[in-house]
Amino acid sequence: MRIYVAGHRGMVGSAILRQLEAQGLDELITRSSAELDLTDQSAVAAFMQEVRPDAVILAAAKVGGILANNSYPAQFIYENLMMECNVIHAAWKAGVQKLLQLGSSCIYPKLAAQPMAEDALLTGQLEPTNEPYAIAKIAGIKLCESYNRQYGTDYRSVMPTNLYGPGDNFHPENSHVLPALIRRFHEAVRDGQEDVVIWGSGTPRREFLHVDDMAAASLFVMGLDRVKYSQETQPMLSHINVGTGIDVTIRELAETVARVTGFAGRLSFDTSKPDGTPRKLLDVSRLKRLGWQATIPLETGVKETYEWFLNQAPDALRAK
Ligand SMILES: NC(=O)C1=CN([C@@H]2O[C@H](COP(=O)(O)OP(=O)(O)OC[C@H]3O[C@@H](n4cnc5c(N)ncnc54)[C@H](OP(=O)(O)O)[C@@H]3O)[C@@H](O)[C@H]2O)C=CC1
Ligand SMILES: C[C@H]1O[C@H](OP(=O)(O)OP(=O)(O)OC[C@H]2O[C@@H](n3cnc4c(=O)[nH]c(N)nc43)[C@H](O)[C@@H]2O)[C@@H](O)[C@@H](O)C1=O
């Protein structure tokens, strides 16, 4: 099968590429954003007509943590909407039958009952700090559902919880919490600092899934051939949560990262920074019933990611 992996240089895209390459069953097609800007409708249309892949995995997006989302709302909604519309429409025009796109757990209401099941979608107000991004991700789900209903395609959406692992974004301001803390604690140990500042109150709870588990779940959902799309299965397969089903407080996460990096100083909490959603634990029972569950425990994953950071991350990343 000829599979186009959009976003193959990203944390998730590169993990999916690694697993597909290890299987050795498919011809893999990739383009960097410099080679193909997915917000450019005509460029995407021309590419898809020329390449005509058998399947598409859309792991490209404008991605960032709570501060990035809160600082660049126009880019988060525009770029993600454009990438989804361009790739999904051009895939359909080129006769692509199978597509998988990645949404996010932030699509669910800020105060949804926990754990959040797939049918909690559109039942309440979204978290303001990432509402533009969430709206774009909800639009992605509805795009796939609508093309399936009108054109008979088999376009699926997976909703990842917070992800981490090799290839993550460790930017001090724009990254997600786990890579941000790995870098900050690493630098504190390197520079002999006594204190590390954690954003917010430390009380929000988050669920963290290793990117290799996410890649495996993505290929599992993509390969669910035995569950064909139909009016009956559509609601079940509209979007599927992917997570561990276990969450921790941000304070507990910081204590884990301190242990892994060897930091023995003090944690302080900067409550001028936003907490965001108080909790967003996913109900992962639907995917479990379909036959998949996560395998990498958090502390093991954090240790492995820190090793990657120490050995693989570009030197500039570890520069002062
Ligand atoms: N990280 C997380 O915690 C979570 C991520 N997700 C979702 O998972 C998916 C992957 O996220 P993640 O791997 O973390 O993201 P990354 O930021 O690591 O990778 C995103 C990729 O998208 C590509 N991209 C961005 N803009 C464009 C563009 N205009 N044209 C072409 N390519 C573009 C980039 O390509 P290039 O490198 O070539 O510039 C980049 O490699 C996204 O859909 C994200 O919303 C969902 C929940 C949590
Ligand atoms: C995946 C998910 O990711 C985002 O939502 P988020 O989970 O709120 O994002 P986050 O990982 O940035 O923060 C989680 C919690 O952690 C606290 N926190 C402490 N210290 C740091 C810190 O140093 N950096 C960051 N980023 N957060 C910190 C922070 O205050 C918050 O309480 C959106 O992209 C959303 O759209 C989405 O999809």
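Calculation rules
- Residues numbered from 1 in each chain as written.
- Chains lettered and ligands numbered in written order.
- Predicted model: local features only at pLDDT ≥ 70, side-chain atom pairs only at ≥ 80, totals over all residues.
- Heavy atoms only, no water.
- Core = buried A, V, L, I, M, F, W, Y, C linked by side-chain atoms within 4.5 Å.
- Buried < 20%, exposed > 50% of the residue type's maximum accessible area, 1.4 Å probe, protein only.
- Helix = DSSP H or I, 4+ residues; strand = E, 2+ residues; numbered from the N terminus.
- Contact = heavy atoms within 4.5 Å.
- Pairing = 2+ DSSP bridges.
- Axes fitted to C-alpha atoms, helices over the stretch in contact; angles between N-to-C directions.
- Near = heavy atom within 4 Å.
- Polar contact = N/O pair within 3.5 Å; in protein donor to acceptor, adjacent residues only side chain to side chain.
- Areas by Shrake-Rupley, 256 points an atom, 1.4 Å probe, with all protein chains shown as cover.
- Nonpolar A, V, L, I, M, F, W, Y, C, P; charged D, E, K, R; others polar.

Draft legend 1. Representation of the nonpolar core within the structure. Counting 28 residues, the largest nonpolar core has Val 12, Met 214 and Val 242 as its most contacted members. Of all the secondary structure elements, the ones that give two or more residues to this core are β1 (2-6), α1 (11-23), β3 (55-58), β4 (98-102), α7 (211-222), β9 (239-242) and α10 (285-290). Setting aside chain neighbours within four positions, we find Val 242 in contact with Val 158, Met 159, Pro 160, Thr 161, Leu 209, Met 214, Ala 217, Leu 282, Val 284, Leu 287 and Trp 292.

Draft legend 2. Representation of the sheet that holds strand β6 (residues 162-164) within the structure. Strands sit in the order β6-β8-β10 across an open sheet of 3 strands; the sheet is mixed. The strands lining the two open edges of the sheet, one partner per strand, are β6 and β10 (247-249). In this sheet, neighbouring strand axes are inclined to one another by 50° on average, regardless of whether the strands run parallel or antiparallel. Along the sheet, α7 makes contact with β6 and β8 (205-210), crossing β8 at roughly 70°.

Draft legend 3. Examining the site of ligand 2 more closely. Inspection of the region around ligand 2 gives 22 residues, with Gly 64, Ile 66, Ser 104, Pro 274 and Asp 275 positioned closest. A distance of 2.8 Å separates an oxygen atom of ligand 2 from a polar side-chain atom of Asn 162. In the complex, the protein chains occlude 98% of the 680 Å² of accessible area that ligand 2 would expose alone. Counting residues per element, the ones that place at least two in the shell around ligand 2 are α3 (66-71), α6 (177-191) and β7 (195-199). For the shell around ligand 2, the element with the highest residue contribution is α6, accounting for 3 residues. Here the shell around ligand 2 is composed, by residue class, of 10 nonpolar, 8 polar and 4 charged.

Any functional reading would require information that these geometric values do not contain.
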